[in-house]
Amino acid sequence: IPDAPTAADVAAAVALIDEMIADFPFEAQADKANWVGLLITAMIRHLIDAPVPVAIIDAPMPGTGKTLLAELVSIVMTGRTAALAGMPRSEEELEKRITTQLHAGASLVVWDNIEATVRSESLTRLVTSTTWEGRLLGSTTQLILDARATWVLTGNNVTLGGDFARRCYRSRLDAGIAAPHERTNFLHADLKRWVIENRGPIVAAVLTLVRSWMVAG
């Protein structure tokens, strides 16, 4: 990573990240920018001494690439795909699941295929503080934990309720066809394998952008 990245260094980094997500049908440029923001946030979460919002990846139809986008963040960040899980339906279970994830030291949490409107006091509390207080499943011990994980929710036409809506940012995909899972002719036929094989240069690209940003003050 150059100490002071040049414009050419930054352009090369952007080009590699663009290649990784070239086949995703982002609805607008802002949706693409928000996903890149998610990727950078996950990589440097330890540098941010403040809460960060929850990333929402959604689309109007299944098979558009929402889960794959979340998995790419995990592969670049950790070298392996994320452990995907459904979002708990009850507030009590949700609070305990958050506590369990943070206690285990999770750095990235992906709740996949959200179906209901997300309106949660626990999630709202989670993203308004750098610490979290809760009890583990099957325990009466109260824990105070560092809330430094990056949280991602995926689903079709995800709707947000209450104060939680203000604490999220969205990356929306729309392939514009009835059966997006039938698309072919991708730039990289096995994208996850390509990202794993090129993880070193991709990590360097992300950190080059971060370094450039820091040098710029």
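This is a predicted model, so every value here is computed, not measured. Going along each chain's sequence as written, the residues are numbered from 1 onward. Note on the predicted model: pLDDT of at least 70 is required for a residue's local features to be given, and 80 or more for side-chain atom pairs to be given and counted; whole-chain, interface and lining totals, by contrast, use all residues. Excluded from the side-chain calculations are hydrogens and water; all other atoms, namely the structure's heavy atoms, are used.

### Topic: the pattern of salt bridges
A pair is scored as a salt bridge if a Lys or Arg side-chain nitrogen falls within 4 Å of a carboxyl oxygen belonging to Asp or Glu. Under the definition given, this model contains 11 salt bridges. Note that E92 is salt-bridged to K96, the shortest N-O span being 3.3 Å. Of the two residues, E92 and K96 both sit in helix 4 (residues 91-103), 4 residues apart, roughly one turn of that helix. Judged by its relative accessible area of 56%, E92 falls in the exposed class. Judged by relative accessible area, which is 23%, K96 ranks as partly exposed. Helix and strand assignments come from DSSP, with helices taken as H or I runs of at least 4 residues and strands as E runs of at least 2, each series counted from the N terminus. We call a residue buried when its accessible area falls under 20% of the maximum for its residue type, exposed when it is over 50%, and partly exposed in between, using a 1.4 Å probe and counting protein chains only.

### Looking at unusual backbone geometry
Even without a glycine there, the phi angle at N113 is positive, about 55°. Mapped onto the secondary structure, N113 falls in strand 2 (residues 108-114). Owing to a relative accessible area of 46%, N113 belongs among the partly exposed residues under this scheme. The phi torsion at N185 lies on the positive side, around 60°, for a residue other than glycine. Checked against the element boundaries, N185 lands in the loop between strand 6 (168-172) and helix 6 (191-197). A relative accessible area of 75% places N185 in the exposed class.

### Brief notes about the environment of R89
By the secondary structure assignment, R89 is in the loop between helix 3 (66-78) and helix 4. For the pair R89 and E27, spaced 62 residues apart in sequence, the C-alpha to C-alpha distance is 29 Å.

### Looking at the packing of aromatic side chains
Any two aromatic rings considered together are summarised by their centre-to-centre distance and by the angle between their planes. Pairing of aromatic rings covers Phe, Tyr and Trp, the last counted by its six-membered ring, and requires centre-to-centre distances within 6.5 Å; plane angles under 30 degrees mean stacked, over 60 mean edge-to-face, and any other angle means tilted. Considering all chains together, one arrives at 2 aromatic pairs under this definition. Between F24 and F26 the ring centres are 6.4 Å apart and the planes differ by 45°, which places this aromatic pair in the tilted class. The exposure class assigned to F26 is buried, which follows from its relative accessible area of 15%. A positively charged side chain is recorded as over a ring if its NZ (Lys) or CZ (Arg) lies within 6 Å of the ring centre. The angle to the ring normal must also be within 35 degrees. Looking at R125, its charged tip hangs above the ring of W132, at a distance of 4.0 Å from the centre.

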